[in-house]
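Coordinates in review
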Amino acid sequence: MELFYTANSPYARKVRVFLREAGLAPRVTETLAVTRTEESPLLAHGPTGRVPALLLSDGALILEAALICRFLEEEYGPTGVSLAAPEVRRGDLVLEGMATTLMDSLSIRAREFLYRRPDERSARALAYETARGTRCYAALAATLTVPPAADAPLSLGQITAAAALATADQALLAEPWRTAQPGLATWYDQVATRPSLADTLYPGWPTPSPAQSPAQSKDSAPA
Ligand SMILES: N[C@@H](CCC(=O)N[C@@H](CS)C(=O)NCC(=O)O)C(=O)O
């Protein structure tokens, strides 16, 4: 199996962190892909050109980060990431959905800045997504109060939250999330030291540290 990814995609990073947390990394080849061009090698395998994309041996291409993780769990059996107990699983699905929505909100705003000239940007859409993000940070802060044990795998909800929060640190967005939710920042900074996250951090984004201010990196991240 081959996973196509870009280094700065939070969705692809979710799958890459999942592979490491679940102990499945040796089973999947990770291939850095080029996107947003007609020359993208991804277009040889399907119409979308999006990452993450998991290419199977029969040529089928599975898209969508959450679906890829579920497929890999079905293929290789339950991992610690899948949280078998139903009462834990339900709460984690709530968390994964919320964190995915934050990831979407951040990506929408990043694309607005990256691919539109200032006079083309929608102030209304940006304000709407900013407000959504603010609510999501507060909800995540209420949920993620205790850092996970270092010797247990992260859940899919925790992986998604960490991947979303990493993108929130990019200077392009100037998100004041760390000052608004210092407890959440502490949670993230602790989780971000795990090898699964440290190995997959986009080099253009700031390395998390509790002392970091929101706008330290000059790099931006296409999404
Ligand atoms: N909902 C999708 C989102 C995937 C997505 O937005 N991928 C972006 C990178 S962050 C992409 O491939 N963009 C290139 C393009 O749209 O052509 C998922 O969960 O995987």
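Everything below is about the structure shown above.
Everything in this summary refers to the structure shown in the same document. (Residues numbered from 1 in each chain as written. Predicted model: local features only at pLDDT ≥ 70, side-chain atom pairs only at ≥ 80, totals over all residues. Heavy atoms only, no water.)

1. Notes on the site of the ligand
- Taken together, the neighbourhood of the ligand is formed by 12 residues, with Ser9, Val51, Glu64, Ala65 and Arg111 sitting nearest.
- Residue Ala65 places a main-chain N or O atom 3.0 Å away from an oxygen atom belonging to the ligand.
- Here an oxygen atom of the ligand and a side-chain polar atom of Arg111 are 2.9 Å apart.
- Within the complex, the protein chains bury 86% of what would otherwise be the 520 Å² of accessible surface of the ligand.
- Looking at the shell around the ligand, its residues break down into 5 nonpolar, 3 polar and 4 charged. (Near = heavy atom within 4 Å. Polar contact = N/O pair within 3.5 Å; in protein donor to acceptor, adjacent residues only side chain to side chain. Areas by Shrake-Rupley, 256 points an atom, 1.4 Å probe, with all protein chains shown as cover. Nonpolar A, V, L, I, M, F, W, Y, C, P; charged D, E, K, R; others polar.)

2. Quick word on the packing of helix H1 (residues 10-21) against helix H5 (residues 156-168)
- Put simply, H1 and H5 touch, their axes get as near as 9 Å, and they point 135 degrees apart. Looking at the two axes, H1 sits oblique to H5. In terms of crossing hand, the pair formed by H1 and H5 is right-handed. Along its contact with H1, which presents Pro10, Arg13, Lys14, Val17, Phe18 and Glu21, the element H5 presents Leu156, Ile159, Thr160, Ala163, Ala166 and Thr167.
- In terms of residue class, the contact of H1 with H5 is built from 7 nonpolar, 2 polar and 3 charged. (Axes fitted to C-alpha atoms, helices over the stretch in contact; angles between N-to-C directions. Helix = DSSP H or I, 4+ residues; strand = E, 2+ residues; numbered from the N terminus. Parallel < 35°, antiparallel > 145°, perpendicular 65-115°, else oblique. Left-handed = near helix turned anticlockwise from the far one by under 90°. Contact = heavy atoms within 4.5 Å.)

3. Some points on the sheet that holds strand S2 (residues 29-32)
- Overall, mixed pairing links the 4 strands, which are arranged S2-S1-S3-S4 in an open sheet. The two strands at the open ends of the sheet, each matched to only one other strand, are S2 and strand S4 (61-63). Across the sheet, the mean angle from the axis of one strand to that of its neighbour is 25 degrees, orientation sign disregarded.
- Against the sheet, H1 contacts strand S1 (2-5) and S2, and its axis sits at roughly 140 degrees relative to S1. (Pairing = 2+ DSSP bridges.)

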